[in-house]
Amino acid sequence: MNRSAPAIERNAPAKRRRLDGSANKTNAALHSYRSYASVRDQAISNANQKKRPTGRQGTVDTYSKNVQHEVSNTAEEEEPESTEVVCQRLIELQAMSQRAEQLHAKNKEKLIRLHERSNQSLLKEIQPQQAKIQELRLELERIQGQADSKKHRRKQQEDEIAAAKVREERKSKFETDKSFQATIEKTAKAIEQTKLGLPTLSARGQDLDKRMHEKDMALEDVRKRRATTQQEIVSMEKSLMQAAQRRRKLYNTIQELKGNIRVFCRVRPVLRSDKSQQHTRIRYSSDDITDTLELEDDISSMLGKRTTKKYSFTFDRIFKPSTSQSECYEDIAYLVQSALDGYSVCIFAYGQTGSGKTYTMQGPSTDVSVETAGMIPRAIEQIYDLIQELKKEGWEYTMEGQFLEIYNETIHDLLGDPTTYGKVKHEIHHGKNGRTTVSQLKTVHLDSPATLHAMLRKANFNRATGATNMNERSSRSHSVFTLRLAGFNRSAKETCTGVLNLVDLAGSERLALSGATGERLKETQAINKSLSSLGDVIHALNNNSKTENNAHVPYRNSKLTYLLQNSLGGTSKTLMFVNISPLAEHFNETLCSLRFASKVNACRVELPKRLLK
């Protein structure tokens, strides 16, 4: 058979259960039949007894009564039958019983034979599996024997290893003890030698201590002299710095007395986007009063000869690309102080687009921090701090701010409603007291730095900007921030009014380089017109200062020059920031800006006057 031994073992009990069930059913039928035969024999016996006659009347009567009772009972159940019928039926039942017993015997024999055949089949199926199991048992015993053998060998090896370790430890200990003994002997000899040479070593030690003490005394003397020298150096540096500050302050005072407009130059640092481009070679030098900047340019002649041409410019202050915003502001802080003292102060930034004018005046458009804040927020913070200090002296100040732009020769209020641009007409008025005002401008009361920052954000959002080839996001308008200060001292009954104008001019690039067309072309033309008018005003002021004539100065040729009339030719303290680019491709624009700044630096204006009441 194809079935496996486990399957045969599982099916064998089921077959046995089915054979046992059949045998149980046959035994139950046989038992039932035997019970029926017993009842039948009892009934026949009773019937035979009823047929026997008796001599006794009582027995006959009893028998008669019993027969009547049985007859009555039989009559109630079924019709009476004759004795012959009953005997016939009994004979039939006996024959049926014999046949049932014969059938039972045959069935029993069949079941026995079936059971024997099933057992033989199961034995045949189980014998190979038993043989296999026997083989597996023999294999297991063999494997177990091998394992025991390996275990025994392993134990022997472990015992040998343990014994070898013990021998090695003993040997190592012995060698260590031997080496330790030798070391002890050497140490004893060294100690003995040391004892012998101890007096000599003691004398040498004393000599060394003496020499060391002398060197310590000399070193201490050197340290004292060094500290004294460092103090003298610090004092001399401080004195030198103070002297330089005094010389610079005296120079500024002389420039104010001369009426000259001071000019600061700032070189923009190289940006990440500029690193792949060539840079202009710039050399810096300075003395105690002024700074000098020298540009170098390589020129090729028609014959192919290359020469280097140098352009030198001297200004009141020159800031290198590494100069921070705070360092730039230190040199204009005194001008902000002058606004609180009652003077009119004007600071304006000039240069081509992308040279850093807006960054210098306002700082970056995003991620503004204390280090990157521009001149406008720094000036306001300084003024707030100074106002708090002046309160101790009895001064009370109020501040008002205005912010406008000149776009296409039209004045717009940067703090007003942008939808009214071009619909409201703003007029410039110059008072006899030197104060300049613009009509219908929104005035913001600046009572905290937060109000100032909110005003600057709104102004920057409203300011007109556009794209040119010179800069992707170029300021296309002149912006003017005006801060008016009014102070009153109750104890001294004194009042002063000061004005601080911070101007961010539009880009000064040439029309051919700007790539402007359409509306951008119109903007560039308007910007160039206003900056050209500014150049005409500077030229006229230079001529008047040289010839001492009072020739006409064309302030009214543009809204910009007319707005800055009192700053350029009036009684204002004026400072110009000229911003230049370090890139070689902007060399000509840089040269034009520096030449224009030199002309501005040579201008003479009226002496500044303090506005007091």
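Residues numbered from 1 in each chain as written. Predicted model: local features only at pLDDT ≥ 70, side-chain atom pairs only at ≥ 80, totals over all residues. Heavy atoms only, no water.

Per an unreviewed UniProt entry, the chain carries the name Kinesin-like protein and comes from Lichtheimia corymbifera JMRC:FSU:9682. Regarding the chain, the UniProt comment filed under Subcellular location (unreviewed entry) reads as follows: "Cytoplasm, Cytoskeleton". Taken from UniProt, the Sequence similarities (unreviewed entry) comment for the chain reads in full: "Belongs to the TRAFAC class myosin-kinesin ATPase superfamily. Kinesin family. KIN-14 subfamily." (UniProt positions renumbered as here; feature names shortened; annotations may be inferred.)

S.K.: Outline the overall build of the chain, listing residues and values.
M.R.: Counting its secondary structure elements, the chain contains 13 helices and 16 strands. In the chain, which comprises 613 residues, the proportion classed as buried is 34%. Considering only contacts in the chain between residues 6 or more positions apart, those separated by 24 or more positions represent 71%. Taken as a whole, the chain presents about 38,900 Å² of accessible surface, with 52% of it coming from carbon and sulfur. (Helix = DSSP H or I, 4+ residues; strand = E, 2+ residues; numbered from the N terminus. Buried < 20%, exposed > 50% of the residue type's maximum accessible area, 1.4 Å probe, protein only. Contact = heavy atoms within 4.5 Å. Areas by Shrake-Rupley, 256 points an atom, 1.4 Å probe, with all protein chains shown as cover.)

S.K.: I'd love a proper account of the side chain of S477, names of residues and values included.
M.R.: Among the secondary structure elements, S477 is positioned in the loop between β13 (474-475) and β14 (478-489). Overall, S477 belongs to the buried group, its relative accessible area being 0%.

S.K.: Can you break down the packing of aromatic side chains residue by residue, with the values?
M.R.: Summed over all chains, the structure comprises eight aromatic pairs. These aromatic residues form a ring-pair network of at least three members: F264, F319 and F577. Positioned above the aromatic ring of Y343, the side-chain terminus of K573 is 4.3 Å from the ring centre. (Phe/Tyr/Trp six-rings, centres within 6.5 Å; stacked < 30°, edge-to-face > 60°. Lys NZ or Arg CZ within 6 Å of the ring centre and 35° of its normal.)

S.K.: So what about the UniProt feature "binding site: ATP" (unreviewed entry) in the chain? Which residues, and what values?
M.R.: With numbering aligned to this structure, UniProt lists the feature "binding site: ATP" (unreviewed entry) at G351, Q352, T353, G354, S355, G356, K357 and T358. By the element assignment, G351 lies in strand β6 (residues 344-351). Judged by relative accessible area, G351 falls into the buried class, the value being 0%.

S.K.: Before we move on, can you summarise the packing of helix α7 (residues 375-390) against helix α8 (residues 449-462) with the specific residues and values?
M.R.: The interhelical angle for the contact between α7 and α8, taken along N-to-C directions, is 160°, at an axis separation of 10 Å. Taken as axis vectors, α7 and α8 run roughly antiparallel relative to one another. α7 and α8 meet at a crossing whose hand is right-handed. For the pair α7 and α8, the contacting residues are I376, P377, I380, E381 and Y384 in the first and P449, L452, H453 and L456 in the second. For the contact of α7 with α8, a count of residues per class yields seven nonpolar, one polar and one charged. (Axes fitted to C-alpha atoms, helices over the stretch in contact; angles between N-to-C directions. Parallel < 35°, antiparallel > 145°, perpendicular 65-115°, else oblique. Left-handed = near helix turned anticlockwise from the far one by under 90°. Nonpolar A, V, L, I, M, F, W, Y, C, P; charged D, E, K, R; others polar.)

S.K.: Report on the confidence of the model for the chain, specifying residues and quantitative values.
M.R.: Mean pLDDT over the chain stands at 78; residues scoring 70 or higher make up 76%. A low-confidence stretch, residues 1-9 stays under pLDDT 50, and its non-local contacts, those more than four residues away or across chains, total 13 contacts. (pLDDT = per-residue confidence, 0-100.)

S.K.: I'd like a rundown of a negative patch on the surface, residues and numbers included.
M.R.: A contiguous patch of negative charge on the surface is contributed by E381, D385, E389 and E393. Following the sequence through the fold, E389 ends up in helix α7. (Patch = residues over 30% accessible without salt bridge, like charges linked within 9 Å, V, L, I, M, F, W, Y side chains within 5 Å. Salt bridge = Lys/Arg side-chain N within 4 Å of Asp/Glu carboxyl O. Lys, Arg positive; Asp, Glu negative; His and termini not counted. Charge placed at Lys NZ, Arg CZ, Asp CG, Glu CD.)

S.K.: An account of the pairing of strand β2 (residues 281-286) is needed here, citing residue identities and associated values.
M.R.: Across six bridges, β2 lies against strand β3 (residues 291-300) in antiparallel orientation. Paired with R283 across the bridge in β3 is E294. In this antiparallel pair of consecutive strands, β2 and β3, the connection spans four residues. (Pairing = 2+ DSSP bridges.)

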